[in-house]
Amino acid sequence: MGRFLNSIKYCWADTQTRLVTLLTVFVAVIILAVGLTSYYTSKSVLQSELSEPQHQSLRIGMNYIDKYIQDTNYIAIKIALQSNVYNFLTMQPQNSYNNINQLYQFLETLLVNSPYLDSIYIYDRDRQSFVAYPQGFSSSSVTMLDSGWVDVADRFGDKLMVVESREAPGSGVSTPTTKITLFRKVLIQGQFKGIVAINFKGNALFQNMQPEYVSGVSRAQVILGKAGNLIYSAGGKPVDTDEVHRALAKLNGEPFGDWSDASGERLLVSHARSPVTEWDYVSIVSQDRLLSKSQTIRDVVLAVSFIALILGAAAIMYTHSLAFKPVRRIRSMLTTYGQNEERSDLIGLEKVTGKLLKDHAKLSSLIRQTMPEASSKFVYDMFLGNIQSKKEIAEKWRSYFSEWSAAPLTVVVISIDRYREWGKDFPEKDHLLLKYALANIASELLAAGWRNVCLDLGRDLTAVVLQPSSAEAPPLKEKVEETIQIIRRLLHFSVSAGISQPYAEVGRLKLALHEAENALSYRLYQGYGCVIPYKAVADHEMGETFAGESVIGDLTGAIETGSEERSLRITERLLRDIREHCWYPSAALSFLNAVTAKLNRMTHGKETGAWEEPDSDRSYQTMSLQDIGEGMSEQVRALVSRFGDLIQSKEFIMVQSMIDYMKKHLGENIGVQEIAASIGISVSLASQMFKQETNETIHEYFTKLRMERAAELLLETGSKISDIALMVGYQHENSFIRVFRKYKDITPGKYRELMRNHDASFNSLNS
């Protein structure tokens, strides 16, 4: 042991040995640091690039399901307003064959026209009876096989609609099945009279969820109900509901995050909550396969680092066993002559120098490969304001851009036109590849005369920092226009660009970025494929504007009254005012987003609140004013048509209800006031609505019904004229005769005699 320690002490006393040892450890540490940094950087990038698409895919599936549920809710409203449903819930007796048959046919029509609905139930709370398609009429919940859901009435609270997952009994010997059911209150004159229950077909509701393989990695998608129960699960391995709850608790409201399950598997979890059903949508993606290559690289680097240490130790032993023999002989010779000075010779220096140069070449190659990404990251941090110190900015600029000169810097921001449509035209898996191709094309074309570095700003934006490489550099605007044309020809989509003013100071790059984005925003007026320098719009002043809330109020009022011409005229006026008064693009887009948000709320039946700003969305920022106007006009037309149909349908149903009430009370002493009260509206509104729909007054129509019934009684019965008068609501025979003569131009007695003689003559001729 002592000999071994003395050997180590002797070796360490040698300068070359210390140099080899330190170099070995240094190289091992560098390799280890680079490997671990590469691993954790790649892990972070993969998580970032995978989380956002997963979250967007989850929200797309959620939006489809919410739309199906909202469409089904409209069907439930339509059922609740149907006259046969009203008769079923109110009339005595309830099981009228004609009413039940018409209601059954109505439900059949609704189901045939809907690919994702399975069955419809209508439940009378007072009499506990059902009309269902395809089951038919059941007078009691005892005879209705699937009636265990009626206690949902206690869970409505203030809501009109509830969507739940429930266990439905099977028919015969079949096992129970899980159904997703939409329940809707039926209110008659403010009273909770019944429930409309609409069952969805199997997994048809969830057909737009996408649990397929993404980038070679399977994922699972889960939907949890409001009570935390499992509603839907697809893709990947089976999911433990308790594990999903723990993952959501860890996310704490964030849209996505990192999580490890009980087995230790690393997962990416994305989460969204539906505003319609309050369901939790969860997407779970395994990271192990994604990071397997990075882990392999990390392990290889660790192994290489360990091997480097072993080789270093072996090199030291080899040096002292062979290479330093002449040194020891010389030292021995010097000792003979009384020279006891212990000094090392420079033998082996060539080998050590060669190793150092080789390691240096490897490190230089690694630095050259990572330098473009590092320089782009540095510029991106400057744009975000993550680097504030002027000294730090100057030092890092000299480090990353040592080949650049002191010439002014210019920022060009390139944006994909009509970004939302672009995203639909190309598969999502190709989006990153197309943006990478766009940046490469721009960098290559602008390199002729301009030093440049490109960076992705997310979504539709790519920024390019430029510096002229010579005094003969071509005009930047012309070069950018040429670049945009080539991008359109090669990639088959259009882009626009904004150009900042040149700045000599590196610290002004953030200001240059804002100028380029501001210039780009004028694409709203100039259209697609344009190149806009900031100096061309810097002096723009905005003209006089109108009151935004007033215009929006006029537009929604016109839509709600069903006036298409007035609605489109208001839409054209507000677009014309924006164009003619040259609004700042930011102000125009903010106002247009507010109008669109209002129209969207009307489309989805959410008319609560006043003028609210919509969520941040760059869809309008990448569109021209003409395209925005065309899209807005289409939405206005659809809304006008929908509100017009709704108004017409509602008034028609109410008028039919009044007519039905008249027919049931022909023999009673009632008037317009009682008829209007039967549907719960005022006399003036009932009279106006009835006149508009039938072109007759309520009194005229009621009198005509009475006279037609009186004519039938005169022919079909032998009752006295006075008795028939009472049967059709007249207390005095003379009043009845006078009104009958007015409508038939003949007295009741003459009418009976004439019509009976006519029938007798007709029968004799036929015999």
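Please read all numbers here as calculations on a predicted model, not as lab measurements. (Residues numbered from 1 in each chain as written. Predicted model: local features only at pLDDT ≥ 70, side-chain atom pairs only at ≥ 80, totals over all residues. Heavy atoms only, no water.)

Asks: Summarise the pattern of salt bridges; cite the residues concerned and give the values.
Replies: Taken as a whole and judged by the stated rule, the model has 20 salt bridges. A salt bridge links Lys-435 to Asp-456; its shortest N-O distance comes to 2.7 Å. One end of the pair, Lys-435, is in helix α11 (residues 431-446); the other, Asp-456, is in strand β13 (residues 450-458), and 21 residues separate them in sequence. Of the residues examined, Lys-435 reaches a relative accessible area of 8% and is grouped as buried. The exposure class of Asp-456 is partly exposed, given its relative accessible area of 42%. Note that Lys-479 is salt-bridged to Glu-482, the shortest N-O span being 3.7 Å. Remark: Glu-482 and Lys-479 occur in helix α12 (residues 476-491); sequence separation between them is three residues, near one turn of the helix. (Salt bridge = Lys/Arg side-chain N within 4 Å of Asp/Glu carboxyl O. Helix = DSSP H or I, 4+ residues; strand = E, 2+ residues; numbered from the N terminus. Buried < 20%, exposed > 50% of the residue type's maximum accessible area, 1.4 Å probe, protein only.)

Asks: Account for the sheet that holds strand β8 (residues 230-234), naming residues and giving values.
Replies: Ordered by their spatial adjacency, five strands build an open sheet running β8-β7-β11-β10-β9, and the pairing between neighbours is antiparallel. Both outer strands of the open sheet, β8 and β9 (256-260), are each paired with one neighbouring strand and no more. The average angle at which neighbouring strand axes cross in this sheet is 20 degrees, direction not considered. Bridge count between strand β7 (residues 219-224) and β8: four bridges; the pairing is antiparallel. Its bridge partner being in β8, Val-222 is matched across the sheet by Ser-233. (Pairing = 2+ DSSP bridges. Axes fitted to C-alpha atoms, helices over the stretch in contact; angles between N-to-C directions.)

Asks: Got a sec to walk through the side chain of Gln-635? Specific residues and values, please.
Replies: Turning to its location among the elements, Gln-635 is positioned in helix α18 (residues 625-664). We classify Gln-635 as buried; its relative accessible area is 19%.

Asks: Before we move on, can you summarise the sheet that holds β13 with the specific residues and values?
Replies: Across the sheet, five strands lie side by side as β13-β14-β12-β15-β16; this open sheet has mixed pairing. Where the open sheet ends on each side, the last strands, each with one partner, are β13 and β16 (531-533). The mean inter-strand angle of the sheet, taken between neighbouring strand axes irrespective of direction, is 20 degrees. Across three bridges, strand β15 (residues 495-499) lies against β16 in parallel orientation. By the bridge assignment, Ile-499 is partnered in β16 with Pro-533. Across the sheet, α11 touches β12 (410-416), β13, β14 (461-468) and β15, and the angle it forms with β13 is around 165 degrees. Across the sheet, helix α13 (residues 509-520) touches β12, β13, β14, β15 and β16, and the angle it forms with β12 is around 40 degrees. (Contact = heavy atoms within 4.5 Å.)

Asks: Describe α13, naming the residues involved and giving the relevant values.
Replies: Between its first and last C-alpha atoms α13 spans 16 Å; for twelve residues at 1.5 Å apiece the expected length is 16 Å, and the two agree. Along α13, the positions that sit buried rather than exposed are Leu-509, Ala-512, Leu-513, Glu-515, Ala-516, Ala-519 and Leu-520. Axial view of α13: buried residues confined to an arc of 160 degrees, hence all on one face. (Expected span 1.5 Å × (residues − 1). Arc of directions from axis to C-beta.)

Asks: Give me the lowdown on the packing of aromatic side chains, citing residues and values where you can.
Replies: Considering all chains together, one arrives at 23 aromatic pairs under this definition. Each ring, one from Tyr-730 and one from Phe-736, has its centre 5.9 Å from the other, and the planes form 55 degrees; the classification is tilted. In this structure Tyr-730 comes out as buried when scored by relative accessible area, which is 13%. Given a relative accessible area of 0%, Phe-736 falls into the buried group. (Phe/Tyr/Trp six-rings, centres within 6.5 Å; stacked < 30°, edge-to-face > 60°.)

Asks: Before we move on, could you go through helix α4 (residues 97-112) and cite the residues and values that matter?
Replies: Since the α-helix advances by 3.6 residues per turn, residues separated by three or four positions end up pointing in the same direction. An ideal rise of 1.5 Å per residue puts 22 Å on 16 residues; α4 measures up with 22 Å between its terminal C-alpha atoms. Considered for burial, the residues of α4 that qualify are Asn-99, Ile-100, Leu-103, Phe-106, Leu-107, Leu-110 and Leu-111. Viewed along the axis of α4, the buried residues span an arc of 135 degrees, placing them on a single side of the element. α4 presents Tyr-97, Asn-98 and Val-112 as exposed residues on the side facing more than 90 degrees away from its buried surface.

Asks: Could you give me a rundown of the environment of His-581, with the residues and numbers involved?
Replies: Relative to the elements of secondary structure, His-581 occurs in the loop between α16 (564-580) and α17 (585-603). Distance in space between the C-alpha atoms of His-581 and Gly-543 is 4.6 Å, their sequence separation being 38 residues.

Asks: Give me the lowdown on the environment of Lys-742, citing residues and values where you can.
Replies: Along the chain, Lys-742 turns up in helix α23 (residues 733-744). On the basis of relative accessible area, Lys-742 is assigned to the exposed category, the value being 67%. It is 10.0 Å that separates the C-alpha atoms of Lys-742 and Met-707, two residues lying 35 residues apart in sequence.

Asks: Break down the environment of Arg-125 for me, with residues and values.
Replies: One can find Arg-125 in the loop between β1 (117-124) and β2 (129-133). Residue Arg-125 is classed as partly exposed on the basis of its relative accessible area of 31%. Residues Arg-125 and Val-150, 25 residues apart in the sequence, show an inter-C-alpha distance of 8.4 Å. What Arg-125 contacts, discounting residues up to four positions off in sequence, is Ala-153, Phe-192, Lys-193 and Gly-194.

Asks: Describe in detail the packing of α11 against α12, supporting the description with residues and values.
Replies: It is the contact of α11 with α12, at a shortest axis distance of 10 Å, that shows an interaxial angle of 140 degrees. The orientation of α11 relative to α12 falls into the category oblique. Judged by the sense of rotation from one axis to the other, the crossing of α11 with α12 is right-handed. Between α11, through Leu-434, Ala-437, Leu-438, Ile-441, Ala-442, Leu-445 and Leu-446, and α12, the contact on the second element is made entirely by Lys-479, Val-480, Thr-483, Ile-486, Ile-487, Leu-490 and Leu-491. Considering only residue class, the contact of α11 with α12 consists of twelve nonpolar, one polar and one charged. (Parallel < 35°, antiparallel > 145°, perpendicular 65-115°, else oblique. Left-handed = near helix turned anticlockwise from the far one by under 90°. Nonpolar A, V, L, I, M, F, W, Y, C, P; charged D, E, K, R; others polar.)

Asks: A description of the confidence of the model for the protein should follow, citing residues and the corresponding values.
Replies: Taken residue by residue, the protein gives an average pLDDT of 80. The fraction at 70 or more is 81%. The least confident element of the protein is helix α7 (residues 325-336), whose mean pLDDT is 54; the most confident is β15, at 95. Segment residues 334-350: pLDDT under 50, and 17 contacts once partners within four positions in sequence are set aside and those in other chains are kept. Confidence drops under a pLDDT of 50 for residues 606-617, and excluding neighbours within four residues, the segment shows 25 contacts in the predicted structure. (pLDDT = per-residue confidence, 0-100.)

Asks: Any chance you could break down the nonpolar core for me, citing the residues and the numbers?
Replies: Residues Ile-65, Ile-69, Ile-79, Leu-107, Phe-206, Ile-223 and Trp-279 are the most contacted members of the largest nonpolar core, which totals 44 residues. Among the elements that take part in this core, helix α2 (residues 15-81) stands out by supplying eight residues, more than any other. The residues contacting Ile-79, other than those within four sequence positions of it, are Val-85, Phe-106, Leu-107, Leu-110, Ile-120, Ile-122, Val-196 and Ile-198. Core analysis: the second largest hydrophobic core is formed by 29 residues, Leu-555, Ile-559, Leu-599 and Val-636 among them. (Core = buried A, V, L, I, M, F, W, Y, C linked by side-chain atoms within 4.5 Å.)

Asks: Go over the pairing of β1 with me, naming the residues and quoting the values.
Replies: Of all eight residues in β1, seven are buried, a share of seventy percent or more. Two strands pair when backbone bridges link them, and β1 and strand β6 (residues 191-200) are joined in this way by seven bridges, in the antiparallel orientation. In the sheet register, Ser-119 faces β6, and the bridge partner there is Asn-199. Here β1 pairs with β2 via five bridges, running antiparallel. Across the sheet, Ile-122 pairs through a bridge with Val-131, a residue of β2. Between the end of β1 and the start of β2, which pair antiparallel, lie four residues, with Gln-128 showing a positive phi angle near 55 degrees.

Asks: Could you give an account of the packing of helix α21 (residues 698-716) against α23, with specific residues and numbers?
Replies: Between α21 and α23, the least distance of the axes is 10 Å, while the angle of their chain directions is 95 degrees. Judged by the inter-axis angle, α21 sits roughly perpendicular to α23. Across the interface between the two elements, Glu-700, Thr-703, Lys-704, Met-707, Glu-708, Ala-710, Ala-711 and Leu-714 from α21 touch Phe-736, Val-739, Phe-740, Tyr-743 and Lys-744 from α23. Taken together, the residues of the contact of α21 with α23 sort by class into eight nonpolar, one polar and four charged.

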